[in-house]
Amino acid sequence: MRRPGWTVYGLLAAVVLGSMFPLWWSFVIASHDSTVLARTRFPLLPGGNFLVNAATVLDTVPFWKATLNSIIVSTTVAASVVFFSTLAGYAFAKLRFRGSKPLLVFVIATMAVPTQLGVVPLYQVMARLGWTGELTAVIVPALVTAFGVFWMTQYLSQAVPTELIEAARVDGASMFRTFWHVGLPAARPAASMLGLFTFVATWTNFFWPFIVLGPSNPTLPVALQQLQAAHYVDYSLVLAGAVLATIPLILLFIFAGRQLVSGIMQGAVKQ
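What comes next is a walk through the structure. (Residues numbered from 1 in each chain as written. Predicted model: local features only at pLDDT ≥ 70, side-chain atom pairs only at ≥ 80, totals over all residues. Heavy atoms only, no water.)

Things to note about the environment of S236
Locating S236 in the fold gives a position in helix 13 (residues 235-267). Through-space distance from the C-alpha of S236 to that of G118 is 35 Å; in sequence the pair is 118 residues apart. Dropping the residues within four chain positions of it, S236 is found in contact with I29, A30, H32, D33, S34, V36 and N53. Within the structure, the side chain of S236 is placed 2.8 Å from the backbone oxygen of D33, a separation counted as a polar contact. (Helix = DSSP H or I, 4+ residues; strand = E, 2+ residues; numbered from the N terminus. Contact = heavy atoms within 4.5 Å. Polar contact = N/O pair within 3.5 Å; in protein donor to acceptor, adjacent residues only side chain to side chain.)

As C-alpha cells, this is what we get:
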C-alpha cells in the first residue's frame with residue numbers, strides 16, 4: 001500500500017489548523033480587556049486577563065448551576081437517544097412487521113420539518129403540564145430523534161447478520177433478550193458516535209432552552225446569554241464564557257476519541 005505523501009499531510013494540517021483557529025481566536029480575545037476589538041491591529045497571542053475575565057463570568061452568571069443543568073440534560077438526552085434509537089433501528093433493520101418501510105419513511109420525513117414550526121404548540125403542552133422553567137421541559141421532547149433512528153437502522157442492517165438473530169431465537173431467547181445480547185453489542189461503535197454527537201448538540205443547544213427555561217434555572221448557553229448587556233457587549237467576557245463552556249466538550253472528545261475513530265472505521269466497512 002502506498003503511503004500518503006506530503007500533500008495529504010499538508011492538507012490535513014491545514015484542516016486541523018483551520019478548525020482550531022476559532023477556538024484559539026476566542027481564547028485570544030478572552031485573554032484581553034474590552035478594548036481589544038477597538039485596536040487597529042488585532043493581537044495573535046493571548047494576553048494576561050483570561051483568569052480575570054473568567055472570574056468575572058463566574059461572578060456575573062450562575063455558571064456552576066448552569067453547568068450542572070447542562071450535564072444533567074445532555075447526559076440524560078444522549079443516553080435516551082442512544083437506547084431508543086438503537087431499539088427502533090434494530091426493529092426497522094431486522095424485524096419483519098407490516099408497515100415497517102412506510103413508518104421508517106415517515107420517521108425520516110420528520111427531519112425535514114423545521115424545529116421552529118413546533119415551538120408554539122410544544123410550549124403550550126409544557127405550560128399545561130406545568131413544566132416551564134424545569135429541566136424536564138428540555139429533556140422529554142428530545143428523548144429520541146429521527147436522525148438517531150435512521151442512523152442506527154442503516155448501521156444495524158449491515159452489522160448484525162440475520163442468521164445470528166435466528167440462531168438466538170432458536171435457542172429460546174426472547175425478542176428483547178436477542179436485542180440486548182446480539183443487537184446492542186454489535187451497535188456499540190455507531191451508538192458511541194451517536195451518543196457523543198447528541199451530547200454535544202444538546203450541550204450547545206440554545207433555542208428551545210432559552211424559550212422554556214427561566215433565568216433562574218438555565219442551561220449553560222442560556223446563562224452565557226446573560227453576559228450581553230442591553231446596549232453594550234463586552235466580547236472579552238462573552239468569549240471567556242464561551243471558552244469555559246467549551247472545555248468540557250474538549251475533554252469529552254479527548255477521552256472518547258478512540259471510540260469515535262473506531263465507530264467511523266467500523267461504520268465505513270460493510271460486513
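Describing a nonpolar patch on the surface
On the surface, L23, I247, I250, L251, I254 and F255 cluster together into a nonpolar patch covering about 590 Å² of accessible area. For the nonpolar patch, the leading source of residues is helix 13, giving five residues. Inspection of the secondary structure puts L251 in helix 13. Residue classification places L251 among the partly exposed residues on the basis of a relative accessible area of 42%. (Patch = residues over 30% accessible without salt bridge, like charges linked within 9 Å, V, L, I, M, F, W, Y side chains within 5 Å. Areas by Shrake-Rupley, 256 points an atom, 1.4 Å probe, with all protein chains shown as cover. Salt bridge = Lys/Arg side-chain N within 4 Å of Asp/Glu carboxyl O. Buried < 20%, exposed > 50% of the residue type's maximum accessible area, 1.4 Å probe, protein only.)

A few points about empty space enclosed by the protein
In the structure shown here, the tally under the stated rule is one cavity of 30 Å³ or more. In this model, the largest cavity occupies a volume close to 30 Å³. Around the largest cavity, the lining residues are S70, V73, S74, V138, T202, W203, N205, P209, T219 and P221. Of all the secondary-structure elements, those providing two or more residues to the lining of the largest cavity are helix 3 (63-94) and helix 10 (188-203). Residue contributions to the lining of the largest cavity peak at three residues, all from helix 3. Broken down by class, the residue content of the lining of the largest cavity amounts to five nonpolar, five polar and no charged. (1 Å grid on protein atoms, 1.4 Å probe; cavity = no way out; pocket = protein on both sides within 12 Å on 5 of 7 lines; lining within 4 Å. Points joined across faces, edges and corners; volume = space filled by probe spheres on them. Nonpolar A, V, L, I, M, F, W, Y, C, P; charged D, E, K, R; others polar.)

What to know about the layout of surface pockets
Estimates place the volume of the largest pocket at around 1,000 Å³. At the level of secondary structure, the elements contributing two or more residues to the lining of the largest pocket comprise helix 3, helix 5 (119-129), helix 7 (146-159), helix 10 and helix 11 (207-212). Looking at the lining of the largest pocket, the element that brings in the most residues is helix 10, giving five residues. Counted by class, the lining of the largest pocket contains 22 nonpolar, seven polar and no charged residues.

What to know about the nonpolar core
Grouped together as the largest cluster of nonpolar side chains are 28 residues, with contacts concentrated most on V73, V138, M152, L156, W208 and V212. Mapped by element, the contributors of at least two residues to this core are helix 3, helix 5, helix 6 (136-139), helix 7, helix 8 (162-170), helix 9 (175-186), helix 10 and helix 11. Ranked by residue count, the leading element in this core is helix 3, at five residues. Setting aside chain neighbours within four positions, we find V212 in contact with Y123, M126, T132, G133, A137 and V138. With 22 residues, the next largest nonpolar core counts F199, L224, V238 and A245 among its residues. (Core = buried A, V, L, I, M, F, W, Y, C linked by side-chain atoms within 4.5 Å.)

Observations concerning the packing of aromatic side chains
For the structure on display, the rule yields twelve aromatic pairs. Ring centres of F21 and W25 lie 6.2 Å apart, and the angle between their planes is 20°; on these two criteria the pair is classed as stacked. With F21 and W25 both in helix 1 (residues 6-30), this residue pair falls four residues apart, about one helical turn. Between W24 and F27 the ring centres are 6.2 Å apart and the planes differ by 40°, which places this aromatic pair in the tilted class. Of this pair, W24 and F27 both sit in helix 1, three residues apart, which is roughly one turn of the helix. Classification of W24 by relative accessible area gives partly exposed; the value is 38%. (Phe/Tyr/Trp six-rings, centres within 6.5 Å; stacked < 30°, edge-to-face > 60°.)

Notes on the environment of Q225
In this fold, Q225 is placed in helix 12 (residues 220-225). Residue Q225 is classed as partly exposed on the basis of its relative accessible area of 30%. In this structure, the C-alpha to C-alpha distance between Q225 and V238, residues 13 residues apart in sequence, is 8.1 Å.

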